[in-house]
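# Structural overview for review
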Amino acid sequence: MANAILADAADLVAPKPRGGWVDVVVTFSRRRPLGAIGAVIVVIMIAVALTARLIAPYDPLAIDFGAMLAAPSAAHWLGTDAFGRDVLSRIIYGSETALIVGFTAAFVGASAGVVLGVGSAYFGGKIDLVVQRIMDIFISFPLIILALAMVAILGNNLPNLITAITIPMIPRCALVIRSSALSVREMPYVDAARAAGFSHIRIILRHMLPNVMAPYLIMLTAFLGQAILLEASLSFLGLGVQEPTPAWGLMLSGAAVEFAERAPWMAIFPGIAISLAVFAFNLFGDSLRDALDPKLRSL
């Protein structure tokens, strides 16, 4: 009898096995439905970009002068442009361009920013002063202005476009990460690591970087929407990707004023795609910030 009571007590005290990522996703979706909707749109966008060659009804580069400015129909669900190219196919392939630019620029920009921010906070002194003044110079310019200047200097091809979008994001991430790293630097385990004689690189990588991953992930998701919007803006101005590459901003640029009344679908559907993508990343990023911030989570 006593053994049975002890066994029941042990079952009550023993930690229950966790469901892993499934429980995390279910809890996130239940507590933050808007963030879950944004995440679903992002997943759909990624799936469309990965399967573009399978699901696109037409070749996005195929010109058909017999179907120029055709209205939406059963043959062309979203109509055609001034060269007879299928708008739906170009939007599907344009998601690939947007994600390549967005993910690359956001990841590189946020990663470089976290390295600069943590390093600046850890070393402090003159190094911190010099790094922060350089960051202040870059952050004083609006994103679009600095990106325009970088594209004008480097040239308007895809690698240069990604570089031009990445550079303005680095100082913004570095400042946010530095503010978090300053508090981590004063923690007892960092002092213990210094007293144990660990190298600076090991302390930064093993003890400081893991503790600033929450703001890093938040900045990464926030930058994704900004990078997609910047790519579309630069392409619209003729400083991004060039014809005939499918890109949402380039499609908006092609929907010139003379086609606004004759073929409004040329601007409406690419504009919806850009708005939906940026809106989804912003929704997901805001919800992720609320989930990872201990102060907001307690509320």
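Residues numbered from 1 in each chain as written. Predicted model: local features only at pLDDT ≥ 70, side-chain atom pairs only at ≥ 80, totals over all residues. Heavy atoms only, no water.

### Side note on the overall build of the protein chain
- Each helix and strand counted, the protein chain has 14 helices and 0 strands in total.
- Secondary structure of the protein chain in N-to-C order comes out as α-α-α-α-α-α-α-α-α-α-α-α-α-α.
- A burial count over the protein chain gives 42% of its 299 residues as buried.
- For the protein chain, long-range pairs separated by at least 24 residues make up 72% of all intrachain contacts whose partners lie at least 6 apart in sequence.
- About 16100 Å² of surface is accessible on the protein chain, with carbon and sulfur atoms providing 71% of the total. (Helix = DSSP H or I, 4+ residues; strand = E, 2+ residues; numbered from the N terminus. Buried < 20%, exposed > 50% of the residue type's maximum accessible area, 1.4 Å probe, protein only. Contact = heavy atoms within 4.5 Å. Areas by Shrake-Rupley, 256 points an atom, 1.4 Å probe, with all protein chains shown as cover.)

### Quick word on the nonpolar core
- Core analysis: the biggest nonpolar cluster contains 69 residues, and M45, V118, I165, V212, I228 and W248 have the highest contact counts within it.
- At 15 residues, helix 5 (residues 87–123) tops the list of elements feeding residues into this core.
- The residues touching W248, leaving out its near neighbours within four places in the chain, are M45, I91, G94, S95, A98, I228, P270, A273, I274 and A277. (Core = buried A, V, L, I, M, F, W, Y, C linked by side-chain atoms within 4.5 Å.)

### Overview of the layout of surface pockets
- In this model, the largest pocket occupies a volume close to 500 Å³.
- Mapped onto the lining of the largest pocket, the elements with two or more residues apiece are helix 2 (21–31), helix 11 (213–236) and helix 13 (265–292).
- Sort the elements by how many residues they give to the lining of the largest pocket and helix 2 lands first, with 8 residues.
- Of the residues assigned to the lining of the largest pocket, the class counts are 11 nonpolar, 3 polar and 4 charged.
- Taken as a whole, the second largest pocket holds about 290 Å³ of empty space.
- Taken together, 13 residues line the second largest pocket, and the ones lying closest to its centre are M45, V48, W248, A273 and L276.
- For the lining of the second largest pocket, the elements supplying multiple residues, two or more each, are helix 3 (33–50), helix 5 and helix 13. (1 Å grid on protein atoms, 1.4 Å probe; cavity = no way out; pocket = protein on both sides within 12 Å on 5 of 7 lines; lining within 4 Å. Points joined across faces, edges and corners; volume = space filled by probe spheres on them. Nonpolar A, V, L, I, M, F, W, Y, C, P; charged D, E, K, R; others polar.)

### Some remarks on the packing of helix 6 (residues 125–139) against helix 8 (residues 158–185)
- The contact between helix 6 and helix 8 brings their axes to 9 Å, and the two run at 130°. The orientation of helix 6 relative to helix 8 falls into the category oblique. The element helix 6 and its partner helix 8 pack so that their crossing is left-handed. Every residue of helix 8 that contacts helix 6 at D128, Q132, M135, D136, F138 and I139 is listed here: I167, P171, R172, A174, L175 and R178.
- When the residues that make up the contact of helix 6 with helix 8 are grouped by side-chain class, the tally is 7 nonpolar, 1 polar and 4 charged. (Axes fitted to C-alpha atoms, helices over the stretch in contact; angles between N-to-C directions. Parallel < 35°, antiparallel > 145°, perpendicular 65-115°, else oblique. Left-handed = near helix turned anticlockwise from the far one by under 90°.)

### Some words on helix 11
- With 24 residues, helix 11 should reach 34 Å at 1.5 Å per residue; the first-to-last C-alpha distance of 34 Å fits that figure.
- The positive-phi residue at the C-terminal boundary of helix 11 is G238, with phi of around 85°. (Expected span 1.5 Å × (residues − 1).)

### Comments concerning the packing of aromatic side chains
- On inspection of all chains with the given rule, the structure shows 3 aromatic pairs.
- Arranged with centres 6.1 Å apart and planes meeting at 70°, the rings of F28 and F284 form a pair that is edge-to-face. On the criterion of sequence distance, the pair formed by F28 in helix 2 and F284 in helix 13 is long-range, its members being 256 residues apart.
- The exposure class of F28 is buried, given its relative accessible area of 16%.
- For F284, a relative accessible area of 23% corresponds to the partly exposed category.
- The interplanar angle of 80° and the centroid separation of 6.3 Å between the aromatic rings of F103 and F281 together place this pair among those described as edge-to-face. Of this pair, F103 sits in helix 5 while F281 sits in helix 13, and the two are 178 residues apart along the sequence.
- We classify F281 as buried; its relative accessible area is 2%.
- Lying over the aromatic face of F198, R202 brings its terminal NZ or CZ to 4.1 Å of the ring centre. (Phe/Tyr/Trp six-rings, centres within 6.5 Å; stacked < 30°, edge-to-face > 60°. Lys NZ or Arg CZ within 6 Å of the ring centre and 35° of its normal.)

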